[in-house]
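This is what each chain is made of:
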Amino acid sequence: MSEERKENFGDSPVDTKKNIRAHSRIPIKLELMTERIPDKEKRGGYTKNISMDGLYIYCEDPFSPGEKCTVKIYVGGRESGTVVHSRITIIYVDDSGMGAQFTSHFNPESYQHLHNLILYNSDQDAEKIEMEISQHLEK
């Protein structure tokens, strides 16, 4: 990758031609637990940012790109009972953790919690965020 096509996002260089985001990323630190499918090996961590399409996970021992996992994101902490429970695919790994894409949500409540999390924590216009979420539903 040529230097002019690199841009630094967090701690890792990303190819900006491939980094065209359809949804706003919300910087937020939330505790989470990932579990690899099918062996159920678990990794704890924290979100760095999250969108309707995916998230970045800070963790010490990331899974490999392409691996399928489940994730439980504890909105408001483990004791709150508010959990985004979803399936993800690991897209990339760097020195600080891993980037993942949501592939499905376990229940409508998880999707609604994610929607609210992004809407209420965004510093962008609420109408823009709602439009992004509506476009996500049309996929």
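The model shown is predicted, which means the values in this text are computed figures rather than measured ones. All chains use their own residue numbering, which begins from 1 and follows the written sequence. With the structure being a predicted model, the display of local features is reserved for residues of pLDDT at least 70 and the display and counting of side-chain atom pairs for 80 or more, all residues being used for whole-chain, interface and lining totals. With hydrogens and water set aside, each side-chain value is computed from the structure's full complement of heavy atoms.

**Points about the side chain of Asp94**
Stage number 1. Going along the chain from the N terminus, every DSSP run of H or I of four or more residues is numbered as a helix, and every run of E of two or more is numbered as a strand. Within the secondary structure, Asp94 sits in strand β8 (residues 82-94).
Stage number 2. Although Asp94 is buried, it forms no salt bridge, and the closest oppositely charged side chain is Lys48 at an N-O distance of 6.6 Å.
Stage number 3. For Asp94, the side chain forms a polar contact with the main-chain nitrogen of Ser96, separated by 2.9 Å. Accessibility here uses a 1.4 Å probe with only protein chains present; expressed as a share of the type maximum, an area under 20% marks a residue as buried, one over 50% as exposed, and anything in between as partly exposed. Working convention for charge: Lys and Arg count positive, Asp and Glu count negative, and His plus the chain ends are omitted. For salt bridges, the criterion is a side-chain nitrogen of Lys or Arg within 4 Å of an Asp or Glu carboxyl oxygen. Here a polar contact is taken to be a pair of N or O atoms separated by no more than 3.5 Å, where protein atoms must pair a possible hydrogen donor with a possible acceptor and residues adjacent in sequence count only if both atoms sit in side chains.

**Side note on the nonpolar core**
Stage number 1. Remark: nonpolar core denotes a set of buried residues (Ala, Val, Leu, Ile, Met, Phe, Trp, Tyr, Cys) joined through side-chain atoms within 4.5 Å. Membership of the largest hydrophobic core comes to 26 residues, with the highest contact counts inside it found for Ile50, Leu55, Ile73, Ile88 and Phe102.
Stage number 2. Looking at this core, the elements with two or more residues in it are β6 (54-58), β7 (68-75), β8, β9 (97-105) and α1 (108-121).
Stage number 3. Looking at this core element by element, the count peaks at five residues for α1.
Stage number 4. Any two residues whose heavy atoms approach within 4.5 Å at even a single point are treated as in contact. Excluding its chain neighbours within four sequence positions, the residues that come into contact with Ile88 are Thr34, Leu55, Ile57, Glu67, Lys68, Cys69, Val71, Ala100, Gln101, Phe102 and Thr103.

**Some points on α1**
Stage number 1. Taking 1.5 Å of rise per residue, the 14 residues of α1 would be expected to cover 20 Å, and the 20 Å separating its terminal C-alpha atoms lies within 8% of that figure.
Stage number 2. Inspection of α1 places Ser110, Tyr111, Leu114, His115, Leu117, Ile118 and Leu119 among the buried residues, and these make up the whole buried set. The length a helix should cover is 1.5 Å for every residue beyond the first.

**Regarding the pattern of salt bridges**
Stage number 1. With the rule as written, the count across this model stands at seven salt bridges.
Stage number 2. The salt bridge partner of Glu31 is Arg78, with a shortest N-O separation of 2.8 Å. Of the two residues, Glu31 is situated in strand β4 (residues 31-36) and Arg78 in the loop between β7 and β8; the sequence distance between them amounts to 47 residues.
Stage number 3. Judged by relative accessible area, which is 27%, Glu31 ranks as partly exposed.

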